[in-house]
Amino acid sequence: MEQWRGIAFIVLLILQWSRASAQIRYSIAEEVKEGTVVGNIAKDLGLETNALKERGCRIVEGSTESFFHVNQNDGILYVGRIIDREKVCERSSVCLINLKTVLENPLEIHYVTVEVLDVNDHSPSFSTKESRLEISESVLPGLRLHLQAAPNDHFRLEVKDRGKDGKIPILVLLKTLDREKKKSHKLLLTAIDGGKPSKSGTTQLFVDVLDVNDNMPVFNEETYSVRLEENAPIGTTIIQVNASDLDEGSNGEIIYSLGKNVNSRIRELFRVDSNTGEIIVQDLIDFESEESYQIDIQASDKGSAPLRTDKSVSVNIVDLNDNTPQIEVTSFSRAIPEDARLGTTVALISVFDKDSGLNGKVICSFNEDVPFTLSPSTQDNMYSIVTKSPLDREKQSIYDVTIVAKDAGVPSLSSEKGITIVISDVNDNSPEFSASPYTYYVTENNSPGASLFSVRASDHDEGDNSRILYHMLRDGKENTKINSFNLNINSDNGDIMALKIFDFETLKTFQFHVVASDSGTPSLSSNVTVNVFILDQNDNAPVILYPVSSNGSAEGVEEIPRNVNAGHLVTKVRAYDADIGYNGWLLFSLQEVTDHSLFGLDRYTGQIRTLRSFTETDEAEHKLVILVKDNGNVSLSATATVIVKLVEPKEAFAASDVKSSAKADEENNVTFYLMITLGSVSALFLISIIVLIAMQCSKSTDYTSKYLQEPNYDGTLCHSIQYRSGDKRYMLVGPRMSIGSTIVPGSHANTLVLPDRRRTSEEVSKYLNLLSILS
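Residues numbered from 1 in each chain as written. Predicted model: local features only at pLDDT ≥ 70, side-chain atom pairs only at ≥ 80, totals over all residues. Heavy atoms only, no water.

**With respect to the state of the cysteines**
Under the convention used in this document: Only a pair of cysteine sulfur atoms within 2.5 Å qualifies as a disulfide here. Type-normalised accessible area, obtained with a 1.4 Å probe on protein chains alone, sets the label of each residue: buried when under 20%, exposed when over 50%, and partly exposed for intermediate values.
Under the defined criterion, the tally for this structure stands at one disulfide. The disulfide that involves Cys89 links it to Cys95, with 1.8 Å between the sulfurs. Here the S-S torsion is close to 60°, and the disulfide linking Cys89 with Cys95 is therefore right-handed. Of the two residues, Cys89 and Cys95, neither departs from the other in class, the shared state being buried.

This is the structure we're talking about:
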């Protein structure tokens, strides 16, 4: 058992030592000069000296006065101003100043205690330079008087230690006084302190010997003690003391007063009714200033040589909950990143309540529902504000937090303090395009280098995290198309330009990708598809396909018998325009003719027919100049010349025979190829019929392109074009319209709305293809 007790004692000593060593303690003498070194905090705490300034090292004291400061360069704690121990700690036996050493980034706090040592810088002093006492000659030896005097052969000096109230000299009568021998005694009282070197003070004491009154007042109670609530109303009677005197007359009449050694503060707070002995409150009583008082009451008779008796009354002050808690933010982070981990410290706060017990017990909380919580520290009345849930700056960037400190008194008192917590941005949002995909329509023959269109992206972050740069994703087949037009993008604003000209007849649509990247670290990006459709312009003039002479000019000669009837087809002018829609819709007109009554021109088909029969008086040769023009906004045109020669019927037949004989050999060579061609056409026709039947059974209505090619050549238009808008399909055509189609208002009668049946449209398309091939 003795062994175990020894081990337990050693463990207890180790625990006590580790607990004490957790806090640094220095000591300095009072009244030292400013700049005096107290200690090396950085060395004693094991901190890196070169990191003190970066981490924002500073001293936080519990009081409003600042006595110390720390040098951030060397970590040494210096005295900031002269410290008077008697002012700072008043009558406390040990004078301690508690400091907090705070490191801001990252947040860290250490506790330092500095003990201020007393120096002998005050001499003893008496309240008066001289005092006068009156003692009856009949007083018996043993009389004890609280004095400020020194002894002689009749008196002896005793010293009573009153603790924080100091030492009180007591004059003790050694033998009976004889007034007739000595009427007055003069004493010199000297007080010497224990300093090195010591200091002293003196006062004169005069003792007058009175006659007759030889009984002292006696208090009825041996001790007096009372409890008094702080903030008691002025005029409140605390207690009534009572003393009696065996003498008669004026020597037995007693008056009460405060003792001569009662300090000035007690005289300000209390008074004694000289007649009744009631102790009365005459100023505000504050528990936080003093928890108890020792009031010396003196009872004196009215004899010619009054006798006095002293009695101490203990007044214990009862604490009331009359102080609201005080909140102090000792350290605070200006901004916290939105990706901060849960439990990250935002600020440190201290809470003070001057009351005691439950009245000084403080609980802190938040007024709002915020993603933070108050975590109590190991130190009393210290709290840390830490994150309790994820933060998102894009949802809320600033929190105005109200801290409520509430004590446990009855009734409870509370106070509030507001702080603003700023959430800083991190790059956690990718750029978002305003549309996906983008679809743009660009007219051909654009101006090289001019902006065609723009893509725009936005980022919910801020600063560099939201600054967006654009570039094109160049890879594969798309890269070839982009390079062919030298497409460039402005990296700052997303404007896209082409350094070459678009040609609808060469390329009708293409696609590329744009990447938007923010400037955060690490950078985030997103991409979008851009579909570009080239719109046609009327930049192609009609081309005459027939007639074309051997030298390449649009000129031909037609011979017809003179005996043909009205309506006879002389020839057909064929033309082609590479544009589409109105730009490719061709109209024919007679620009020049020798006789308007003989020939007529179909403005849509280009067919030249006779208007009447020829007569003998009609000329044998006629020149027709045909104007072919498109329907673009700025119309383009071409001309063809047809020479019509009238011949006698026999000559016509002879000319026909000559042509037939000239072609006989050629036709023999072509017969073989013609047979192959007819066989191919027949096979293609059968395949087309099969395909039509299969497509008629299919119910697919899927369209993969906005433009649907529809070869429907009727001799005027080279091709037509179908396209889709919403749930309707349209086709640009010439003057002839399909059965079941309607004209779109405002389309100038060249755009048809097709029935929304893919099989029917494809049947028409296939039949037209077949007819075109067969023709």
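Let's pick the thread back up.
**Considerations on the environment of Thr101**
Put simply, the rule is: Counting from the N terminus, the helices are the DSSP runs of H or I reaching at least four residues and the strands are the DSSP runs of E reaching at least two. The criterion used for residue contact is that any of the two residues' heavy atoms lie within 4.5 Å.
For Thr101, the position within the fold is in strand E6 (residues 95–103). Taking the relative accessible area as the measure of exposure, Thr101 reaches 0% and is therefore buried. It is 6.3 Å that separates the C-alpha atoms of Thr101 and Val60, two residues lying 41 residues apart in sequence. Sequence-distant contacts of Thr101, defined by excluding residues within four places in its chain, comprise Ile41, Cys57, Arg58, Ile59, Glu108, Ile109, His110 and Val112.

**Brief notes about the sheet that holds strand E47 (residues 621–630)**
As a reminder, the rule being used: Here a strand pair is declared whenever DSSP counts at least two bridges between the two strands. Only the stretch in contact is used when a helix axis is fitted, and all axes are lines through C-alpha atoms; the angle between N-to-C directions ranges over 0 to 180 degrees.
With respect to topology, four strands assemble into an open sheet ordered E41-E48-E47-E44, the strand pairing being mixed. Either end of the sheet is taken by a strand with one partner, and the two such strands are strand E41 (555–561) and strand E44 (586–593). Averaged over neighbouring strand pairs, the angle between their axes works out to 30° when direction is ignored. In this sheet, strand E48 (residues 637–647) lies alongside E47 in antiparallel orientation, the contact comprising nine bridges. Directly across from Val625, in E48, lies its bridge partner Thr641.

**Some thoughts on the sheet that holds strand E25 (residues 345–352)**
The antiparallel open sheet is built from four strands, whose spatial order is E23-E25-E28-E27. Each edge of the sheet is formed by a strand with only one pairing partner; in this case those strands are strand E23 (326–332) and strand E27 (372–376). Taking the axes of each pair of neighbouring strands and ignoring which way they run, one obtains an average angle of 30° across the sheet. In this sheet, strand E28 (residues 382–387) lies alongside E27 in antiparallel orientation, the contact comprising five bridges. Paired with Pro376 across the bridge in E28 is Tyr383.

**Quick look at the confidence of the model for the protein chain**
What counts here: A residue's pLDDT is simply how confident the predictor is in it, with values from 0 to 100.
Summarising the model, the protein chain shows a mean pLDDT of 79, and 77% of its residues fall at 70 or more. The least confident element of the protein chain is strand E49 (residues 707–710), whose mean pLDDT is 36; the most confident is strand E20 (residues 278–281), at 96. Counting interchain partners and residues more than four positions distant, the pLDDT-below-50 stretch residues 723–728 has 13 contacts.

**Structural notes on the pattern of salt bridges**
Applied cut-off: The working definition used for a salt bridge is a side-chain nitrogen of Lys or Arg within 4 Å of a carboxyl oxygen of Asp or Glu.
Applying the stated criterion across every chain, the model contains eleven salt bridges. When the shortest N-O distance is used, the salt bridge between Arg456 and Asp495 registers 3.4 Å. Within this pair, whereas Arg456 is found in the loop between strand E33 (451–454) and strand E34 (457–458), its partner Asp495 is found in strand E37 (residues 495–498), the two being separated by 39 residues in sequence. Here Asp464 ties to Arg467 by a salt bridge, and the two come within 3.8 Å at their closest N and O atoms. Linked through salt bridges whose partners overlap, the residues forming this network are Arg393, Glu394, Asp425 and Glu462.

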